Amino acid sequence: MISQFFILSSKGDPLIYKDFRGDSGGRDVAELFYRKLTGLPGDESPVVMVTSGGEWHHDDRHFIHIRHSGLYLVATTSENISPFSLLELLSRLATLLGDYCGSLGEGTISRNVALVYELLDEVLDYGYVQTTSTEMLRNFIQTEAVVSKPFSLFDLSSVGLFGAETQQSKVAPSSAASRPVLSSRSDQSQKNEVFLDVVERLSVLIASNGSLLKVDVQGEIRLKSFLPSGSEMRIGLTEEFCVGKSELRGYGPGIRVDEVSFHSSVLLEEFESHRILRLQPPQGELTVMRYQLSDDLPSPLPFRLFPSVQWDRGSGRLQVYLKLRCDLPPKSQALNVRLHLPLPRGVISLSQELSGPEQKAELGDGALHWDLPRVQGGSQLSGLFQMDVPGLPGPSGQGPSTTAPPLGLGPASLSFELPRHTCSGLQVRFLRLAFRPCGNANPHKWVRHLSHSDAYVIRI
Amino acid sequence: MPYLGSEDVVKELKKALCNPHIQADRLRYRNVIQRVIRMPKLDQWGQAEVLNFLLRYEPRSEEELFDILNLLDSFLKSSSPGVVMGATKLFLILAKKFPHVQTDVLVQVKGPLLAACSSESRELCFAALCHVRQILHSLPGHFSSHYKKFFCSYSEPHYIKLQKVEVLCELVNDENVQQVLEELRGYCTDVSADFAQAAIFAIGGIARTYTDQCVQILTELLGLRQEHITTVVVQTFRDLVWLCPQCTEAVCQALPGCEENIQDSEGKQALIWLLGVHGERIPNAPYVLEDFVENVKSETFPAVTMELLTALLRLFLSRPAECQDALGRLLHYCIEEEKNMAVRDRGLFYYRLLLAGIDEVKRILCSPKSDPSLGLLEDQAERPVNSWASDFNTLVPVYGKARWATISKYQGAERRGPELPDTASFATSGPLIPEENKERVQELPDSGALVLVPNCQLTAEYFEKTWFSLKVAHQQVFPWRGAVHPDTLQMALQVVNIQTIAMSRAGAHPWKAYLSAQDDTGCLFLTELLLESENSEMQISVKQNEPRTETLNSFISVLETVFGTIGDIKS
């Protein structure tokens with residue numbers, strides 16, 4: 001049960017404020033929340049916070065918030081409720097607002113204040129959830145979304161296209177995915193479009209001797225549909241897709257995941273036999289399937305790093321040679337590759353020799369950043385970095401081992417995006433729509449595959 | 001619009017489930033539940049809410065219980081974490097008499113929890129991590145094979161990293177200790193000092209079981225010569241030496257050279273303590289302490305000077321020739337020049353003690369150098385699942401037990417309101433100095449007919465055995481403000497013939513102490529004091545080997561007097 005709900009911009013300005021129960025405080029809670037949040041010591045969790053009103057007032061409030069696209073979505077409650085449900089509700093609200101306003105952001109929210117209030121009125125009643133299904137809500141929402149101005153160069157970075165906010169999304173089919181899911185009565189002319197994304201997050205830990213310590217893939221199939229609700233669609237997945245360790249399908253290695261969970265609206269009659277998901281998605285965004293895979297990756301890892309470190313303790317000179325090999329198939333490429341290497345304290349100067357002109361390396365925040373905008377599959381890149389570390393005394397009394405890297409160096413972590421590539425090998429074979437539009441052209445279907453790094457750590 | 005989910009019937013069901021008349025009639029109630037459970041078209045919010053209502057129901061028979069559990073089983077596989085956690089809580093509470101069912105449920109929920117821990121939403125991840133820790137308190141090995149999921153990544157926010165380090169520290173076992181330590185060691189050189197220190201403390205926690213490997217890692221960290229690392233490592237060493245005496249040798253070898261890199265009060269205190277207690281094994285200990293004595297005038301923390309006094313006196317007993325001069329100068333300074341009264345009094349006390357003769361000093365000052373039994377007692381406090389089942393899937397694990405206690409205490413205090421002045425007057429009405437206290441206790445035998453035997457000496461082992469064999473006879477909560485000063489408390493308890501078996505060091509959370517006393521009829525009183533967090537209350541559990549209420553009551557009132565007195569001295 002929620003007492004209040006509000007949305008703050010990243011600077012703490014209240015954009016939306018709604019009191020559902022009238023049982024506590026006034027609008028100043030939003031300010032109070034922001035003050036508390038910014039005043040928190042670093043080790044304390046900002047997920048939940050409590051305030052007590054005056055000393056003699058029985059006025060305790062828990063703030064629970066999520067951060068989404070630079071906005072704070074905050075709910076307050078005075079009850080000891082389930083954190084999981086509430087956090088889920090907040091992220092569902094974020095998705096809903098995104099669906100109705102196009103994309104979620106400070107600008108879109110402030111342009112669509114009336115719509116947001118209307119939505120909140122319908123979703124929550126006296127602090128209790130009534131429904132969050134786009135389907136149900138469509139019948140009650142009258143206000144039209146104000147769509148942001150058409151294309152401008154400055155907006156380009158904030159066009160949070162459907163899916164991960166990535167470089168790739170900027171070059172995606174059209175900017176159509178960021179338009180609101182409007183009720184069909186007003187815009188007959190609009191195109192019927194379906195976006196299907198297979199997004200994987202990869203976390204990897206590689207030991208200093210090159211052996212693989214941990215691989216973890218979190219995958220999602222996300223769907224954003226602009227079709228009228230109730231139109232049925234079928235999604236065909238790779239047929240060799242196996243769930244669990246024991247199942248065996250087809251010949252060859254197969255595509256194996258450890259755990260799968262589906263959205264409750266997915267019908268699984270054909271899943272066992274043909275790996276086909278059948279569903280009638282409501283308009284808006286929906287996570288069709290989630291899966292996890294650990295320790296057992298069918299394809300080679302996208303990147304290998306071969307570091308060599310030379311350290312002359314006497315002169316305080318540290319030389320790091322990094323060789324990065326991209327093991328993707330030659331046709332694929334990785335985008336926005338960034339290597340982050342923490343350095344010992346007191347590093348002052350950096351001289352660099354990089355293998356390509358478009359690369360860039362800089363020092364900052366006690367670490368070395370090496371930016372590689374684009375890495376082709378199968379290619380090999382290298383960088384030689386020389387630094388001076390004057391104030392770093394070595395571990396005395398352990399013999400002069402010049403090859404041992406100084407403490408405080410590493411581990412290196414990589415961040416990157418792999419468009420048109422899934423690490424698990426899962427592919428969408430087809431996306432078929434049973435829906436036959438009357439008079440309109442065939443609906444457009446967009447299917448994308450994307451992997452990006454969650455934590456790709458290589459110890460040195 | 002319909003309430004809850006998509007059907008009007010849910011609204012009715014909710015009304016029915018909460019209606020006391022229907023709740024009274026179990027048959028009708030069960031029917032309602034059956035209908036709820038079988039409802040297919042309930043959205044996730046509805047499901048979570050219904051699972052919450054069901055908590056109020058208590059099945060009649062075992063058969064019905066398992067019937068309901070079977071029906072609800074599918075909720076555990078839901079794709080929404082909120083529903084899964086709601087179902088888990090319901091299962092844990094319904095099956096409170098069947099530990100194997102509870103364990104089973106926790107195994108089932110492992111997958112969803114781990115998925116939530118690596119979820120893209122940081123906030124959900126945090127809530128899940130808090131619940132993982134909660135489960136680990138009862139089932140330490142539960143997530144051990146999944147330790148890699150709790151490795152931190154560079155981009156995670158601070159609060160998640162700290163939670164993960166705590167989890168790693170708790171799930172360590174023989175198989176994964178090597179990998180976990182290697183990972184933690186990487187964190188120790190993190191850019192953020194707070195995170196690095198948390199990692200070092202975590203290694204210190206693991207060192208209680210895997211001493212050698214951890215001490216080696218900690219020793220290597222000293223080589224970095226970074227202030228914020230060295231101070232925490234030395235503090236960890238101090239706790240380790242106290243709990244695991246077998247590592248003393250290794251620690252003593254690592255210590256020389258540390259003093260150059262310690263600036264803060266906590267670290268200095270730890271280093272001085274170590275030098276004082278184990279100084280006979282550290283060749284340059286007297287000279288390090290001498291340096292501290294030389295700079296004592298510029299020392300800003302009185303606690304450091306106090307520690308220095310005790311340490312130097314201790315070292316004087318084992319290496320008199322090297323310490324005599326420095327000790328003399330320190331005592332002179334403390335008595336003649338020091339402006340802080342506590343330090344001055346401590347100096348005077350030691351001076352007079354020395355006048356009484358060296359044997360007397362030895363008798364008083366040579367306390368045990370380590371006490372593993374206290375750590376053992378603390379470690380055994382593995383909590384049963386039932387102790388937290390009702391807190392599962394609420395805000396309690398997310399806040400942490402200690403913080404939640406403070407929060408609910410505020411709420412409680414606000415509701416009680418007028419009672420507060422009462423406790424305040426209780427605190428001020430106590431006598432002021434221990435001498436009076438003694439008189440008061442001597443009065444007590446007349447009223448309560450309780451005489452505590454002065455020299456009741458129990459060994460720690462015997463105490464532990466008896467403690468676990470008895471049931472709690474009485475539990476009470478006393479108001480308590482601020483931290484505990486173990487020395488003061490121990491002294492005050494001795495005055496009333498209550499022996500202290502074991503005590504946490506000052507400032508530990510939770511702070512614990514074990515006391516014993518015996519009256520003239522041979523009846524034993526075993527007591528546990530528990531201070532959950534600062535500004536909270538002192539919880540007292542008394543066990544008695546012969547159940548006699550009247551002596552028990554007088555014993556409690558003796559304790560009450562002691563706490564009242566101490567509380568007063570402090571305030």
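Above this text you will find the structure in question.
So, a few notes on the structure that sits alongside this text. All values reported here derive from a predicted model rather than from experimental measurement.

**Considering empty space enclosed by the protein**
So, step 1. One pass over the structure, following the stated rule, counts seven cavities of 30 Å³ or more.
So, step 2. Computed from the structure, the largest cavity encloses a volume of approximately 170 Å³.
So, step 3. Along the walls of the largest cavity sit 17 residues, with Ser203 and Asp454 of chain A together with Ser118, Glu156 and Lys164 of chain B positioned nearest its centre.
So, step 4. Contributions of two or more residues to the lining of the largest cavity are made by β8 (193–206), β9 (212–225) and β26 (444–458) of chain A together with α8 (122–138) of chain B.

**Regarding the pattern of salt bridges**
So, step 1. Following the criterion strictly, the structure yields 33 salt bridges over all chains and no others.
So, step 2. The partner of lysine 149 of chain B in a salt bridge is aspartate 216 of chain A, and the shortest N-O contact between them spans 3.2 Å. Here aspartate 216 of chain A lies in strand β9 and lysine 149 of chain B lies in the loop between α8 and α9 (158–170), a pairing that spans two chains.
So, step 3. Lysine 149 of chain B sits in the buried class, given a relative accessible area of 15%.

**Here's the deal with unusual backbone geometry**
Residue and element names in this part refer to chain A.
So, step 1. Despite not being glycine, serine 69 shows a phi value in the positive range, around 45 degrees.
So, step 2. Structurally, the position occupied by serine 69 is in the loop between β4 (60–68) and β5 (71–77).
So, step 3. Its identity is not glycine, yet tyrosine 126 carries a phi of approximately 50 degrees, on the positive side.
So, step 4. Checked against the element boundaries, tyrosine 126 lands in the loop between β6 (124–125) and β7 (128–129).
So, step 5. For tyrosine 126, a relative accessible area of 46% translates into the label partly exposed.

**Focus on the pairing of strand β24 (residues 412–419) of chain A**
Sheet faces and side chains relate simply in a regular strand, where the side chains alternate between the two faces.
Residues and elements named next belong to chain A.
So, step 1. Among the eight residues that make up β24, seven are buried, leaving the element largely enclosed by the rest of the structure.
So, step 2. Looking at chain direction, strand β19 (residues 333–342) and β24 are connected through four bridges and run antiparallel. Following the sheet pairing, leucine 335 is matched in β24 by glutamate 417.
So, step 3. Pairing analysis gives six bridges linking β24 to β26, with the strands arranged antiparallel. Its bridge partner being in β26, alanine 412 is matched across the sheet by isoleucine 458.

**Topic: the packing of aromatic side chains**
So, step 1. By the definition in use, this model includes 24 aromatic pairs over all chains.
So, step 2. Ring centres 6.3 Å apart and planes at 70 degrees place the aromatic pair phenylalanine 241 of chain A and phenylalanine 271 of chain A in the edge-to-face group. Residue phenylalanine 241 of chain A is located in strand β11 (residues 241–243), and its partner phenylalanine 271 of chain A is located in helix α7 (residues 271–274); the two are separated by 30 residues in the primary sequence. Neither residue differs from the other here; phenylalanine 241 of chain A and phenylalanine 271 of chain A are each classed as buried.
So, step 3. Between phenylalanine 262 of chain A and phenylalanine 271 of chain A, the ring centres sit 5.1 Å apart and the planes meet at 75 degrees, which makes this aromatic pair edge-to-face. Summarising the burial analysis for this pair, phenylalanine 262 of chain A and phenylalanine 271 of chain A share the class buried.
So, step 4. The rings of Phe6, Tyr17, Phe33, Tyr34, Phe63 and Tyr72 of chain A are connected pair by pair, giving a single aromatic cluster.
So, step 5. Looking at lysine 323 of chain A, its charged tip hangs above the ring of phenylalanine 306 of chain A, at a distance of 5.5 Å from the centre.
So, step 6. A cation sits over an aromatic face here: lysine 161 of chain B above phenylalanine 195 of chain B, 5.0 Å from the ring centre.

Scoring rules and cut-offs
- Residues numbered from 1 in each chain as written.
- Chains lettered and ligands numbered in written order.
- Predicted model: local features only at pLDDT ≥ 70, side-chain atom pairs only at ≥ 80, totals over all residues.
- Heavy atoms only, no water.
- 1 Å grid on protein atoms, 1.4 Å probe; cavity = no way out; pocket = protein on both sides within 12 Å on 5 of 7 lines; lining within 4 Å.
- Points joined across faces, edges and corners; volume = space filled by probe spheres on them.
- Helix = DSSP H or I, 4+ residues; strand = E, 2+ residues; numbered from the N terminus.
- Salt bridge = Lys/Arg side-chain N within 4 Å of Asp/Glu carboxyl O.
- Buried < 20%, exposed > 50% of the residue type's maximum accessible area, 1.4 Å probe, protein only.
- Pairing = 2+ DSSP bridges.
- Phe/Tyr/Trp six-rings, centres within 6.5 Å; stacked < 30°, edge-to-face > 60°.
- Lys NZ or Arg CZ within 6 Å of the ring centre and 35° of its normal.

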